[in-house]
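Each chain, letter by letter, is given below.
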Amino acid sequence: MYIWKCWRDTRTRFLINLILIFIMCAVVTIIPTWFGGAASYQRGKAASGVENMWASMGGEVLGEFVSLVLLIEALNIGAGGIGAEFREPTLGFLFTRPRRRRNWVWTCWLVGAWELFMIALAAVVGIFGGLIYLSGHVYTWRLLAAALPLSVGALAVYTATFFLTAVARSSEKGLSFGLGILMIDLFLPVAAYFWHRDLTSILGFTRAGCAWAAGSQGPFPGLQLTIYAALIMALGLGTQFVVERMEV
Amino acid sequence: MNELAIHTDKLVKTYSKLRAVDELSINVPRGGVYGFLGRNGAGKTSTMRMLLGLARPTAGSATVLGMSIGREQVAILERTAYVTEGKVLYGGMTARELVRFTRGFYPNWSDDAVARYARRFDVPMDRPFAQLSLGNRTKVCLLLALAQQADLLIFDEPTSGLDPVGVDEFQRVVAEDLAGDGRTVLISSHQLADVERIADWVGLIDNGRLLLEARLDDIKSQYRLITAAGTGLPQRKGGDILSANSDGNFRKYLVRANAEAFAAELGTQGATITEVSPLGLREIFLELVRKEEPCTSGNAGEIPAPAFSSI
């Protein structure tokens, strides 16, 4: 019922984004070959060339380009879910249906989270397919695991925006606050650098996760993933807390 | 089984400094139509929101269908249909889609009722809700509420935007289908004549306080407006006297019982009784909520006579 409503509201935008990001990622991977950028990979077909191609194309395109696109999408979906109920405003109708309010919160959250995960997966599969096309074989299946850090990073921004939208009772304010939080997260590591502190932004985390998945050197950012997962849960529960006490 | 569908006990709701509902105690009997009346901002919608869990009481308590609000809210909502004042539903959905969305929440949902009431109210089923007129939006809201087959139906301004045919159809549905089926209906409306046609009970509130709660038949048979002229007439309310307002040189008393005895008592105090008349709901409403205007002519500056201690 409500899951159908949430899906109905977002499916068009979601499907367009899904197809766009898949095509974009596949094309972005292949484009360098049109200009000779990946000529060395194709010429040599040496193991090191293929390894470099997967590491650089996989790691960098996913870690930089896709991460950023997903974070923007996360802001958008986070402000849109429960925010739509404030905008119409239909909370009075929704909250007089015989269900606990936590049902609405988590159903709405789940639909957005699923969409974000699918978009992240589409991006990874797009690049994965592009790389298979270029190299002629699968160098590492682990690249598909890049969907995990990409999703977790995006989910952290999504859930923060979702929470802030509920607190502010406005999708516009939620979007603004979410963007503000994202900006702070991006610039905090730069500021921390001057105090000789080592901080990693969400973008840094997804970059590291994608680099690991693409087979380059470096550890899997497991600790950060755990921290972000805990943050997502906390913000989800925070949203539930706010909505359950909300007066309409 | 509790004989009251709704019972509130000194219910209070404050918003910042505003006391929207002020120690309100109402009793809505099961199986009847209760007209919940009051001016704009009297506290009707705030009360209904508290009953439905959309707002938390600042103080006091209430039960709906014998269940405590707040603690048993989901169970209450399963058996209660609500039409909001704003008539806001999902704008992108058609009535058919709204039915599809809503039906799964209610165990007693009736698709036959959907078909029947859609026909009776002439509901446009396939146009997006956002594109409908206010009247048609109201019809969709009523359709969803009626199809729930709820034990209690709470309607906040249920006829807003409806044309006379729609209003008449709604009244028939309430009187024949709902009340006739033993279900309880709470209607908040400014259309006093409409309420008077279908209500069994009325509750009248102003400034969040209950001014009157009575069976409509009792109002018609016993409530009287006594108009008296004279000096030193009592001004105080209390007992059977619900209001005492000045009207030029006259004083009007709204009395809920024993009107003849009270008129006789006024007579012994030197008053000339000019009229003892029965009242409709509209007259009672106006008498009870009317604020006395400052005097601007003849009697300006006159010091009111002291009230009789016996009244």
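Remember, it's a predicted structure, so these values are computed and weren't measured experimentally.

A. Representation of the overall build of chain A within the structure. Within chain A, the regular secondary structure consists of nine helices and zero strands. Reading chain A from its N end, one meets helices and strands in the order α-α-α-α-α-α-α-α-α. Over its C-alpha trace chain A gives a radius of gyration of 20 Å, about what one expects of a compact globule, namely 18 Å for 248 residues. Out of the 248 residues belonging to chain A, those deemed buried represent 51%. By element, 69% of the accessible surface of chain A is carried by carbon and sulfur atoms, the whole surface being about 11,500 Å². Between the mean site of the 18 positive side-chain charges and the mean site of the 13 negative ones, chain A shows a separation of 6 Å.

B. Representation of the layout of surface pockets within the structure. Computed from the structure, the second largest pocket encloses a volume of approximately 540 Å³. Surrounding the second largest pocket, 23 residues form its lining, Arg101 and Glu244 of chain A together with Gly53, Gly70 and Gln73 of chain B being those nearest its centre. Mapped by element, the contributors of at least two residues to the lining of the second largest pocket are α5 (101-135) of chain A together with α2 (73-78) of chain B. The greatest single-element share of the lining of the second largest pocket, amounting to three residues, is contributed by α2 of chain B. Residue composition of the lining of the second largest pocket, grouped by class: 10 nonpolar, three polar and 10 charged.

C. Highlighting the confidence of the model for chain B. Per-residue pLDDT for chain B averages 87, and the proportion of residues at 70 or more is 93%. This stretch, residues 292-311 of chain B, has a pLDDT under 50; its non-local contacts, to residues over four places away or in other chains, come to 27 contacts.

D. Representation of the environment of Thr161 of chain A in the model. Residue and element names in this part refer to chain A. By secondary structure assignment, the location of Thr161 is in helix α6 (residues 147-168). The buried category is assigned to Thr161, whose relative accessible area is 0%. Separated by 45 residues in the primary sequence, Thr161 and Leu116 place their C-alpha atoms 13 Å from one another.

E. Layout of a nonpolar patch on the surface. Taken together, Leu179, Met183, Phe187, Val190, Tyr193, Phe194 and Trp195 of chain A make up a surface patch of nonpolar side chains, about 860 Å² in accessible area. Here Leu179 of chain A lies in helix α7 (residues 171-194).

F. Empty space enclosed by the protein, seen in detail. In the structure shown here, the tally under the stated rule is two cavities of 30 Å³ or more. Its volume calculated, the largest cavity comes out at about 90 Å³. Lining the largest cavity are 13 residues, and of these Phe93 and Arg97 of chain A together with Tyr82, Val83 and Leu89 of chain B sit closest to its centre. Every element with two or more residues in the lining of the largest cavity is listed here: α4 (91-94) of chain A together with β7 (80-83) and α5 (134-147) of chain B. Looking at which element gives the most residues to the lining of the largest cavity, the answer is α5 of chain B, with three residues. The calculated volume of the second largest cavity comes to roughly 50 Å³. Pro158, Thr159, Phe170, Gln171, Ile187, Ser189, Asp194, Val195 and Ile198 of chain B together form the lining of the second largest cavity. Contributions of two or more residues to the lining of the second largest cavity are made by α6 (164-178) and α7 (192-198) of chain B. Class assignment of the residues belonging to the lining of the second largest cavity gives a composition of five nonpolar, three polar and one charged.

G. Quick look at the side chain of Thr159 of chain A. Residues and elements named next belong to chain A. With respect to the helices and strands, the residue Thr159 is situated in helix α6. Residue Thr159 is classed as buried on the basis of its relative accessible area of 0%. Among residues more than four places away in sequence, those in contact with Thr159 are Trp109, Ile232, Leu235 and Gly236.

Procedures and definitions
- Residues numbered from 1 in each chain as written.
- Chains lettered and ligands numbered in written order.
- Predicted model: local features only at pLDDT ≥ 70, side-chain atom pairs only at ≥ 80, totals over all residues.
- Heavy atoms only, no water.
- Helix = DSSP H or I, 4+ residues; strand = E, 2+ residues; numbered from the N terminus.
- Rg over C-alpha atoms; globule rule 2.2 N^0.38 Å.
- Buried < 20%, exposed > 50% of the residue type's maximum accessible area, 1.4 Å probe, protein only.
- Areas by Shrake-Rupley, 256 points an atom, 1.4 Å probe, with all protein chains shown as cover.
- Lys, Arg positive; Asp, Glu negative; His and termini not counted.
- Charge placed at Lys NZ, Arg CZ, Asp CG, Glu CD.
- 1 Å grid on protein atoms, 1.4 Å probe; cavity = no way out; pocket = protein on both sides within 12 Å on 5 of 7 lines; lining within 4 Å.
- Points joined across faces, edges and corners; volume = space filled by probe spheres on them.
- Nonpolar A, V, L, I, M, F, W, Y, C, P; charged D, E, K, R; others polar.
- pLDDT = per-residue confidence, 0-100.
- Contact = heavy atoms within 4.5 Å.
- Patch = residues over 30% accessible without salt bridge, like charges linked within 9 Å, V, L, I, M, F, W, Y side chains within 5 Å.
- Salt bridge = Lys/Arg side-chain N within 4 Å of Asp/Glu carboxyl O.

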